[in-house]
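Commentary on secondary and tertiary structure
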Amino acid sequence: MTAQPDNNHSGGDDNKKVVTRLMFIVIGMFAFGFALVPIYDVFCDITGLNGKTQGQVSFSEQPKVDMTREVHIQFVASLNESMPWEFHPMTKTVTVHPGESMKIEYLARNMTDHAIIGNAVPSVAPGLAAPYFQKTECFCFTEQKLEAGEEKRMPVVFVVDPELPEDVETLTLSYTFFIKPGSETITTSALHP
Amino acid sequence: MSAVIEEHHDHHDHKPTGIGRWLFSTNHKDIGTMYLWFSFLMFFIGGTLALVIRAELFEPGLQFVEPEFFNQMTTLHGLIMVFGVIMPAFVGLANWMVPMMIGAPDMALPRMNNWSFWLLPGAFGILIASLIMSIMGMGSAPNFGWTFYAPLSTTYGPASTDYFIFSVHLMGISSIMGSINIIATIMNMRAPGMTYMKMPIFVWTWFITAYLLIAVMPVLAGAVTMMLTDRNFGTSFFNAAGGGDPVMFQHIFWFFGHPEVYIMILPSFGIISEIVPTFARKKIFGYSSMVYATASIAFLSFIVWAHHMFTTGMPVAGELFFMYATMLIAVPTGVKVFNWVSTMWKGSMTFETPMLFAIAFIFLFTIGGFTGLMLCITPADFQYHDTYFVVAHFHYVLVTGAAFGIMAGVYFWLPKWTGNMYDETLGKWHFWTSVISVNVLFFPMHFVGLAGMPRRIPDYSLQFAEFNAMASVGAFAFGFCQLIFLYNVIKTARGKTSVKATGQVWEGAHGLEWTLPSPAPFHSFTTPPQVK
Ligand code: HEM
Ligand SMILES: [Cu+2]
């Protein structure tokens, strides 16, 4: 430090203290911005907001099937605009009893001349019913790789929780296929060096 | 007083000269002046972009610019006005006035002060460079609106988005350093006897604003950092393909964004709270309620952000919570408005230019507050959201609120800064032309908004034509009136007005800053005054 005249009535030490404390707030809030990401996911998980379905569910004992009730399940498929696949459900709707395990299939075909890795993002409407839609097997749990021109049937096995609120009679399960970020450039260059 | 202090005193009053005086300045007044001129320059640049928008919207159909360019205009207009005009002007006023109001010689951290100013020309140089490149046909400038929602700004953003990100980082660092400095000054440099509850309201509002800035600017920095890594380093914070979520962007942005709108109004509340008592020749009504109201507005501003997101598909409980929390803010805001009106009640008022702007502020800001209340009613917002009604709302609170507050403050303190009285006739011309044209500009936007005209669109259907033509006429009138302001400020600063200002300047002025001579000496209080 040069011999700067001390402008401060109460000395530079106080300034250091204030600056240090405030820097803690600054760093803390920067970290908080990033912490919002997991907080957001946890929050959506707990509340079932956002239509996000849960990951894989496995039952130790099969839930009781509620034969008195029927729920209609509709299946929807869409592609992110940059995804050059064909993708649709083999069955458009099914009717199930809550607690009953059901298997349906989607079909995907890679229309290009190179391999592409895709990620399917599921979502359930109405969003608040999402936690009651439980998948025991799904192609969305892992990445899907299709070679050039390859066609693949992809199964989904699910159970509707018997706890599903009474007023829900129809659930829509929708998948959107995205190209795995960065994967296309890698596979293309691998194929055509 | 010891001899040592005398020596320093001599040294102090010797102003550095030439360009070095500004480049290396650590003086709160010089830095304040630079902030204010910077803001003024940005005001005209941002204003020019707004006039491009209004020229295009004068008639339905596409006249002057391509839709892509139109989007760049709305984006840069918003960014420049928010981060380049309102915020630097407030920091400039704080630099000038806070040390003088609390009886300090300078800011607590003068060298950091220099840094926080000089980052700004860099930040805006980068941003404006991207616009110049766009005009020269070298790729688009940022075009996703000042709210830069993902994935518009991540997956689909132009190459210049990375310029934008760097620029926002610099602005953030600048504001954080400025705020730390203001807090340190207020906490450590008050004159003996100046307790917290004796501080002028302007100092109080800035104290609270600085905390808001420190709390939310890092969150903004985090958001743009996530954008940066999403765009360039393969992360997927906001990219659904990689498991991210674009709606989360909106939560993070508005967690910053709503406190930010209060950052842009609280210092103006402070300025108005200085001006109204001066020209009503009465003490401010309800000093402590003013302080508590400011603090509660600041606190509430953290829990209302999702009122910008009512249409994103929140659950009903969330919609209700954010609706009621937002309505609650109207209570402390109302307290302030009533206090200003009560201060004027039975005062012996005179209507010099600062007071005229202050009164217009109270009236027109309140209109903006009311439209805010309309917007926060969730079911109604489904109709109003993303229409011109929102544009009308935030221009009433920001132009006739924040910006009128700044103009009032400039007229109020200019004689103290320069030692010369500004030209009152020109001031009155500036006021009346501004206040009329600004309403011609923004009031019709309420109507087209309620009728369903979307915002950020370069074309519109025929039934909106008349009101849009009106707004465009108002816009050009308002823009050109500001040249009167510029001329008046330059004339005063160069001493070309006939009247010299006294130390007290205004008959009803009270407070430490008015005990200094005009123009205020280079270093404010070298010996601390005693406050009783
Ligand atoms: C009584 C106080 C206020 C209330 C209740 C209120 C409410 C709202 C609501 C509900 C919206 C969202 C409208 C929509 O997008 O559909 C909004 C937008 C906005 N408000 Fe306010 N507001 C208030 C005061 C202010 C103040 C003081 C400012 C700034 C000085 C401000 C600046 C803005 C801005 C900039 C936007 C638009 C953001 C954008 O989408 O670009 N508001 N306000
Ligand atoms: Cu808000």
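Residues numbered from 1 in each chain as written. Chains lettered and ligands numbered in written order. Predicted model: local features only at pLDDT ≥ 70, side-chain atom pairs only at ≥ 80, totals over all residues. Heavy atoms only, no water.

Considering the coordination of the copper ion (ligand 2)
All names here are of chain B. For the copper ion (ligand 2), the full set of protein donor atoms is H258 (ND1), H307 (NE2) and H308 (NE2), and the range of their distances to it is 1.8 to 2.1 Å. Of note, the donors binding the copper ion (ligand 2) are all from one chain and are spaced H-x48-H-H. Separating the copper ion (ligand 2) from the iron atom of ligand 1 is a gap of 4.5 Å. (Donors = N, O, S within 2.8 Å, 3.2 Å for Na, K, Ca; no water.)

Topic: the nonpolar core
Among the nonpolar cores identified, the biggest contains 186 residues, and B:F83, B:F124 and B:W413 are the most heavily contacted of them. In terms of residue count, the dominant contributor to this core is helix α4 (residues 67–102) of chain B (23 residues). Discounting chain neighbours no more than four positions away, the residues touching B:F83 are B:P88, B:F124, B:M171, B:M217, B:L220, B:F256 and B:E260. With 33 residues, the next largest nonpolar core counts A:M102, A:A120, A:F133 and A:L173 among its residues. (Core = buried A, V, L, I, M, F, W, Y, C linked by side-chain atoms within 4.5 Å. Buried < 20%, exposed > 50% of the residue type's maximum accessible area, 1.4 Å probe, protein only. Helix = DSSP H or I, 4+ residues; strand = E, 2+ residues; numbered from the N terminus. Contact = heavy atoms within 4.5 Å.)

Some words on the environment of A:I46
Residues and elements named next belong to chain A. By secondary structure assignment, the location of I46 is in helix α1 (residues 12–47). Judged by its relative accessible area of 69%, I46 is exposed. When the C-alpha positions of I46 and K103 are compared, they lie 27 Å apart, and in sequence the two are 57 residues distant.

Considering the interface of chain A and chain B
Tallying the contact residues gives 33 residues for chain A and 43 residues for chain B. Between chain A and chain B, a total of about 3200 Å² is buried, with carbon and sulfur atoms accounting for 71% of that surface. Our count for the contact surface shared by chain A and chain B stands at zero salt bridges. Our count for the contact surface shared by chain A and chain B stands at four residue pairs in polar contact (both at pLDDT 80 or more). Mapped onto the side of chain A that touches chain B, the elements with two or more residues apiece are α1, β5 (116–125) and β9 (170–179) of chain A. (Buried area = accessible area lost by both parts, 1.4 Å probe. Salt bridge = Lys/Arg side-chain N within 4 Å of Asp/Glu carboxyl O. Polar contact = N/O pair within 3.5 Å; in protein donor to acceptor, adjacent residues only side chain to side chain.)

Re the confidence of the model for chain B
Residues and elements named next belong to chain B. Here chain B shows a mean pLDDT of 92. Residues at 70 or above account for 97%. Predicted confidence is poor over residues 1–12, with pLDDT under 50, and the contacts of this stretch with residues over four places away or in other chains come to eight contacts. Per the prediction output, this complex has pTM 0.87; the corresponding ipTM is 0.84. (pLDDT = per-residue confidence, 0-100.)

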